[in-house]
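# A closer look at the structure
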Amino acid sequence: MTTQIATGRNTFLPNQRCLTPDGQTLIVNGIDAAKIHKGQDTTLYNAGVPLAVNSGFVGAWGTAGAITGTYYYAFRYIDADGIPGDLSVLQSAVAATHSTITYSNVPVSSDARVAGRQIFRSLAGENTVLYLDATINDNSTTSTTSTKSDATLATQTELQILAPDGSIFARRFGVPVSWMRNVVYHNNRSFWFVASKYTEGHAAVTNGSATVTIVGGTVTDAMDGRQFVIPGHATSYTIDSVSTGSNTVTLSVVYAGTTDLFSPYSIQPSKDEFRRVRWSYPGEPESCYDNDSADLESDQSAGEELIGGFSFNSFMWLLTPNACYRWSFADNPVAGQIYHTEDRGMLNPKSYCRFENTLAIMDRAGIYLFNGGNANPISNVISDWLRDNVVWDRQEWFHASAYPAEETVKFFVCLDGSRYPRHSVCFNYRTLRWWWEEYPWEIASSATVPIAGKREIIYGGECDRTTMHGRYADIPTDDRDLSARYAVASATPMSCTVTADWASESYLIGSAIAVVAGKGKGQIRRIYKANATTGRIEIDRPWATSLDTTSYVALGAVHWQLQTKVFETLADTQQKAAVGVYVDPTDNAASFDVKLYYNHRQTAVLSERTYDSQRGLKVFKDRADIECQIARTQDNKEFDGWHDFPIEAGFESGRHAKARYQQFGVEGFQSRDRIVVHGIDVTGVAG
Amino acid sequence: MWIGRYTVGQSIPLGLTSTDPSCTPTLPDSAPVAEIYDNATVQVGSDISLPIIDKYALDTAGTTNCLFGREYRLTSSFSAGRYQIIYKWVISGVTYKRCAEFDVMYATTHHGQVIGLFGVPRSVGLLVHVDLESGRIQMGRNPH
């Protein structure tokens with residue numbers, strides 16, 4: 001059961017989050033205002049309490065008494081937890097033997113987070129320290145009074161105007177800026193960096209007009225005050241106002257360039273912000289004084305913009321696309337030093353994960369390990385493959401997670417034209433092996449979270465579906481225990497009919513259906529309807545090869561594939577060429593295919609004959625698959641987990657002797673039972 | 001042209017190349033618009049403006065790319081059934097149209113892809129923030 005806590009967030013860029021020591025969650029995306037989630041609240045609030053603006057607020061002395069002098073006063077907003085915002089500008093009121101100061105027109109905030117107002121007043125003639133004079137415990141009352149003498153006032157909560165070093169203390173509670181899309185908590189402060197560019201759709205600009213219409217994108221109130229930039233145009237314009245209703249922005253001056261109804265554009269902060277890091281007051285993660293910032297010097301960063309960063313091994317690390325910097329400081333970040341440490345960077349703020357005090361990070365050069373010392377480039381063995389296969393256009397949505405139980409890190413990337421990653425590049429950091437995985441649906445997010453004392457991976461999928469690695473879905477047992485495979489009774493181009501053994505179709509919708517045997521073998525589709533009465537299953541795309549009654553399908557099947565390296569054929573004819581596979585026998589029907597590739601070809605060798613070993617192994621004329629059944633019980637006999645196949649004699653003749661190089665593939669579909677392959681034996685080869 | 005089956009919450013690809021009567025790619029007077037109708041010819045939702053894609057890409061003849069399109073997420077306004085898309089664009093005051101069709105299948109939610117996950121430890125246990133394509137953020141508790 002889930003609870004909605006926010007709506008209307010812009011999804012052009014993913015949200016980033018960090019936890020604060022008091023258990024609150026800061027949420028940023030660089031487009032909307034930064035948010036904070038407190039405890040188990042069912043709503044999000046704007047990060048930071050808003051600045052108090054006088055707007056008619058006035059204090060006036062009256063009623064005879066003993067108070068005389070010039071008094072300074074101001075107010076600020078507070079939230080339900082007493083967290084304050086910045087103080088309003090000081091005003092003064094003169095008392096001449098009065099007793100009561102009346103505060104009227106106390107502004108009410110439009111921010112739902114505001115739960116009250118605090119009014120501060122100085123002692124007579126002072127303006128460097130204020131004291132809490134009155135508290136209004138709501139966001140609606142607009143007046144209050146105070147009769148506190150100086151002696152009483154001096155015992156109240158004190159608020160210094162200036163800090164000992166001369167910085168403004170009473171206005172350190174600034175609201176975090178909205179254009180930074182990464183927030184990290186380090187050394188008792190929150191750090192805000194990685195400025196965002198909003199470029200969705202195109203802009204219609206007209207020479208001489210200050211109104212710009214955004215087409216295919218969505219303007220937000222937080223864009224007010226940012227820059228409107230057209231690539232190649234020398235001038236950048238300040239956005240004076242935003243109209244979310246008409247999806248337009250109004251520039252501070254008219255557009256001086258050429259009229260273009262289909263112009264690329266960017267809404268972004270000023271250029272300086274792209275190498276800037278802002279931080280909060282210590283212990284106050286939402287209090288960001290505007291001057292508390294530092295820039296990555298251009299000679300350090302070669303002009304590159306910040307793209308991500310993290311707190312790791314006692315240091316703050318800042319990364320650009322091609323470089324890593326260590327920020328070392330004791331207490332005040334401004335007194336620290338930023339050192340260039342590595343010529344490796346990252347793709348986006350989420351393209352890294354952590355395991356065993358090591359980070360695995362992905363940049364355009366590949367994947368490397370980082371322990372706070374050196375960058376260890378581990379993906380050199382697959383760099384050609386990454387370069388040729390990864391679709392970098394969508395790198396903004398790549399993400400990574402670690403799965404300690406399998407000692408694996410997974411980098412979710414796009415290898416085809418999908419919007420979000422549908423593949424992952426996986427690395428086992430114990431065996432140092434690489435592989436890639438393909439999923440039936442896009443996985444746009446992942447996270448490693450503690451569940452029942454173990455760190456598990458959860459994945460974000462389509463249709464608001466969250467799944468957990470290696471676990472059954474949280475659905476009734478009857479709907480989970482499907483048959484290992486179903487015989488197809490009939491089929492159309494967009495469906496097939498089987499004997500249904502499920503109670504409800506809702507758990508099957510969106511799942512994969514694979515043809516695991518018979519005509520059409522190897523095809524994978526998505527289930528869009530699965531009638532529990534008729535057994536008719538509707539799919540997302542037509543079958544490329546139609547099915548018939550020889551076909552078998554598996555629901556929720558997962559395709560797997562292994563590929564050996566390339567071997568050289570031995571000239572020694574005493575060594576007969578053969579391939580064998582060791583697997584765990586399964587309790588239910590299952591199979592895998594072995595395929596053979598000659599001389600670096602991409603297409604597998606086709607059999608010249610049909611053959612049935614009567615031991616659960618078959619080959620088919622003009623097909624590449626050597627089909628091996630691995631159910632424990634086959635033909636009333638027990639399968640021992642070992643299939644071997646004499647290539648030269650059993651598969652085809654003559655051609656094998658001429659093949660200098662051989663490579664083997666093992667693949668199949670996992671459904672009811674887990675498929676475990678222990679090894680592949682190849683004889684008659686070298687290397 | 002039938003563009004496929006989709007469930008509520010998924011995004012359909014809307015797109016066209018704006019052409020003149022001789023099928024030559026030509027920039028329109030303004031951004032093309034897509035209208036979606038159900039089988040009862042009732043328009044679902046409001047007109048959808050299509051932004052230009054990769055404007056400065058040129059074809060082999062050196063013509064400016066006139067490809068417009070976007071992903072459009074199927075909201076709760078869509079129920080199961082067949083829908084028609086009418087693309088409209090105007091060149092020199094003349095309106096041109098093209099159509100396409102797609103089917104919507106049943107789905108349990110219209111909020112789309114989970115685009116963000118974050119574990120939030122709380123005193124009652126692990127909560128998970130779930131960011132959805134619709135702009136919604138949900139908070140759930142680990143069922144395990």
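Data block above holds the structure.
Described in the following lines is the structure provided in the data block.

What counts and how
Residues numbered from 1 in each chain as written. Chains lettered and ligands numbered in written order. Predicted model: local features only at pLDDT ≥ 70, side-chain atom pairs only at ≥ 80, totals over all residues. Heavy atoms only, no water. 1 Å grid on protein atoms, 1.4 Å probe; cavity = no way out; pocket = protein on both sides within 12 Å on 5 of 7 lines; lining within 4 Å. Points joined across faces, edges and corners; volume = space filled by probe spheres on them. Nonpolar A, V, L, I, M, F, W, Y, C, P; charged D, E, K, R; others polar. Phe/Tyr/Trp six-rings, centres within 6.5 Å; stacked < 30°, edge-to-face > 60°. Helix = DSSP H or I, 4+ residues; strand = E, 2+ residues; numbered from the N terminus. Lys NZ or Arg CZ within 6 Å of the ring centre and 35° of its normal. Contact = heavy atoms within 4.5 Å. Buried area = accessible area lost by both parts, 1.4 Å probe. Salt bridge = Lys/Arg side-chain N within 4 Å of Asp/Glu carboxyl O. Pairing = 2+ DSSP bridges. Axes fitted to C-alpha atoms, helices over the stretch in contact; angles between N-to-C directions. Buried < 20%, exposed > 50% of the residue type's maximum accessible area, 1.4 Å probe, protein only. Polar contact = N/O pair within 3.5 Å; in protein donor to acceptor, adjacent residues only side chain to side chain.

Here we come to the layout of surface pockets. Of the volumes computed, that of the second largest pocket is approximately 1,200 Å³. Every residue lining the second largest pocket is counted, 40 residues in all, and those nearest its centre are A:R17, A:Y352, A:T448, A:R455 and B:F118.

We now examine empty space enclosed by the protein. Evaluated as defined, the whole model comprises four cavities of 30 Å³ or more. Considering the residues around the largest cavity, the lining is formed by A:W441, A:G461, A:E462, A:C463, A:R465, A:T467, A:G510, A:R526, A:Y528, B:T7 and B:Q10. Taken together, the residues of the lining of the largest cavity break down into three nonpolar, five polar and three charged. Counted as a void, the second largest cavity has a volume near 50 Å³. Taken together, A:R9, A:N10, A:T11, A:L13, A:P14, A:N15, B:I115, B:D131, B:L132, B:G135, B:R136 and B:I137 make up the full set of residues lining the second largest cavity. Looking at the lining of the second largest cavity, its residues break down into five nonpolar, four polar and three charged.

Residue and element names in this part refer to chain A. Applying the stated criterion to the full structure yields 34 aromatic pairs over all chains. The interplanar angle of 40° and the centroid separation of 6.4 Å between the aromatic rings of F312 and F370 together place this pair among those described as tilted. Taken together, the residues span a long stretch of sequence, with F312 in strand β23 (residues 308–312) and F370 in strand β29 (residues 366–370) at a distance of 58 residues. Cluster of aromatic residues (ring-pair linked, three or more members): F57, Y73, F75, Y77 and Y103. The ring of Y71 has R121 lying over it, and the distance from NZ or CZ to the ring centre is 5.1 Å. Here the guanidinium or amino end of R623 rests over the ring plane of F620, the centre of that ring lying 3.9 Å away.

For the rest of this paragraph, the subject is the interface of chain A and chain B. In this assembly, 68 residues from chain A lie in contact with 56 residues from chain B. Here chain A meets chain B over a buried area of about 4,900 Å², counting both sides, of which 60% is carbon and sulfur. When the buried surface of chain A facing chain B is broken down by residue, A:R17, A:F262 and A:Y528 rank first, second and third, together holding 15% of it. For the pair chain A and chain B, the interface holds five salt bridges.

The next point concerns the sheet that holds strand β13 (residues 189–195) of chain A. Residues and elements named next belong to chain A. A sheet is described by the order of its strands in space; here four strands give the open sequence β12-β13-β21-β22, paired in antiparallel fashion. With one partner strand each, in any of the chains shown, β12 (180–186) and β22 (293–295) form the two edges of the open sheet. Strand-to-strand twist across the sheet, computed as the mean angle between neighbouring axes with direction ignored, equals 25°. Taken together, the three bridges between strand β21 (residues 276–279) and β22 define a ladder with antiparallel strand orientation. Among the inter-strand pairings, R278 is bridged to a residue of β22, identified as S293.

A word on the side chain of A:E286. Residues and elements named next belong to chain A. With respect to the helices, strands and loops of the structure, E286 is situated in the loop between β21 and β22. On the basis of relative accessible area, E286 is assigned to the buried category, the value being 7%. Among the polar contacts listed, one links the side chain of E286 to the backbone nitrogen of G48, at a separation of 2.7 Å. Of the polar contacts made by the side chain of E286, one reaches the side chain of R113; its length is 2.4 Å.

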